[in-house]
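Secondary and tertiary structure notes
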Amino acid sequence: MNFESNLKGHTKGILDLSISGDTTRLASIGGEGRCFIWDSIKSYSDKEPKPFSQFEFSKPPPPLSTSAIKKGKRQEEIHGYVALSPDTNVTAVVQNSVIRMFKTLDGSLLETIESTEYDQIDRVCFSPDGHYLVTMSSVNEENLARIWYNPYGLQMELAKVERQLHGEREGYIRERLNKRVDEIKGEL
């Protein structure tokens, strides 16, 4: 079965896409420096879907002056990659050698990581459990992979479980939620 939906919003093309493991969210980054998070279920049914969340990950480069163009300089372009964590709590956006981790729900910046190992990160993805972010780069004919710990998904899951625990009255459910809180704290 094929679905088609026109995801409007990017003004300078889409650079990369990532879909969540459960296929409920789609992240897209564009050449204008914005990231859109789409509700993929709703987007299929809407003729003109609106993003679930959006945030800026980069300022667009300033336009070149006429004299710079005459000297043969080319307009800088934004390049990048995006990855959604499996639980969709965290969105990673990579530009050159900079990784920015955002809270998917509201686009708040969680962390900026500058990788000094290489100049250009060529790919990014989360591990299936969301605990790690993996980056790949090719430098001087060497393929390099780097694994980064991602505590943010666990921190958000902990907050969610603690909210559930606070509102729960059933003893066996509270016991199960307390166990999960202990598990998450052990992983952090």
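These lines cover the structure that appears in this document, whether it is placed above or below. From a predicted model like this one, the values you see are computed outputs, not experimental measurements. (Residues numbered from 1 in each chain as written. Predicted model: local features only at pLDDT ≥ 70, side-chain atom pairs only at ≥ 80, totals over all residues. Heavy atoms only, no water.)

1. Some words on the nonpolar core
One finds V90, I99, M101, F126 and L133 to be the most contacted residues of the largest nonpolar core, which totals 14 residues. Among the elements of the structure, β6 (90-95), β7 (98-103), β9 (123-126) and α3 (152-167) are those that each provide at least two residues to this core. Broken down by element, this core gets its largest block of residues, three residues, from β6. Filtering out sequence-adjacent residues up to four positions away, L133 remains in contact with A92, I99, M101, V124, C125, F126, R146, I147 and W148. (Core = buried A, V, L, I, M, F, W, Y, C linked by side-chain atoms within 4.5 Å. Buried < 20%, exposed > 50% of the residue type's maximum accessible area, 1.4 Å probe, protein only. Helix = DSSP H or I, 4+ residues; strand = E, 2+ residues; numbered from the N terminus. Contact = heavy atoms within 4.5 Å.)

2. Some remarks on α3
The end-to-end C-alpha separation of α3 is 23 Å, in line with the 22 Å expected for 16 residues at 1.5 Å each. Looking only at α3, the buried set comprises Y152, G153, L154, M156, L158, V161 and L165. Buried residues along α3 sit against β6, β7, β8 (109-114), β11 (142-149) and α4 (171-187). (Expected span 1.5 Å × (residues − 1).)

3. Observations regarding the pairing of β7
As paired strands, β6 and β7 are joined by six bridges and run antiparallel to one another. Directly across from A92, in β7, lies its bridge partner M101. In textbook terms, the turn of a hairpin is the stretch between consecutive antiparallel strands, and for β6 and β7 this stretch comprises two residues, one of which, N96, has a positive phi near 55°. Two elements, β7 and β8, share five bridges in a ladder whose sense is antiparallel. Along β8, the bridge assignment pairs M101 with E111. The antiparallel pairing of β7 with β8 creates a hairpin that spans five residues between the two strands, and G107 there sits at a positive phi of about 75°. (Pairing = 2+ DSSP bridges.)

4. Examining the environment of H79
Secondary-structure assignment places H79 in the loop between α2 (66-70) and β5 (81-84). Measuring from C-alpha to C-alpha, the distance between H79 and D16 comes to 9.0 Å, with 63 residues separating the pair along the chain. Sequence-distant contacts of H79, that is, excluding residues within four places in its chain, are made with L15, V94 and Q95.

5. Observations concerning a nonpolar patch on the surface
The grouping of Y132, I147, Y149 and L188 at the surface amounts to a nonpolar patch, some 410 Å² of accessible area in total. When you line up the elements, I147 lands in strand β11. Take I147: its relative accessible area is 61%, and that puts it in the exposed class. (Patch = residues over 30% accessible without salt bridge, like charges linked within 9 Å, V, L, I, M, F, W, Y side chains within 5 Å. Areas by Shrake-Rupley, 256 points an atom, 1.4 Å probe, with all protein chains shown as cover. Salt bridge = Lys/Arg side-chain N within 4 Å of Asp/Glu carboxyl O.)

6. Observations regarding the packing of aromatic side chains
Counted according to the given criterion, the structure contains two aromatic pairs. Taking the centre distance of 5.5 Å and the plane angle of 65° together, the rings of F36 and W38 count as edge-to-face. Judged by its relative accessible area of 2%, F36 falls in the buried class. (Phe/Tyr/Trp six-rings, centres within 6.5 Å; stacked < 30°, edge-to-face > 60°.)

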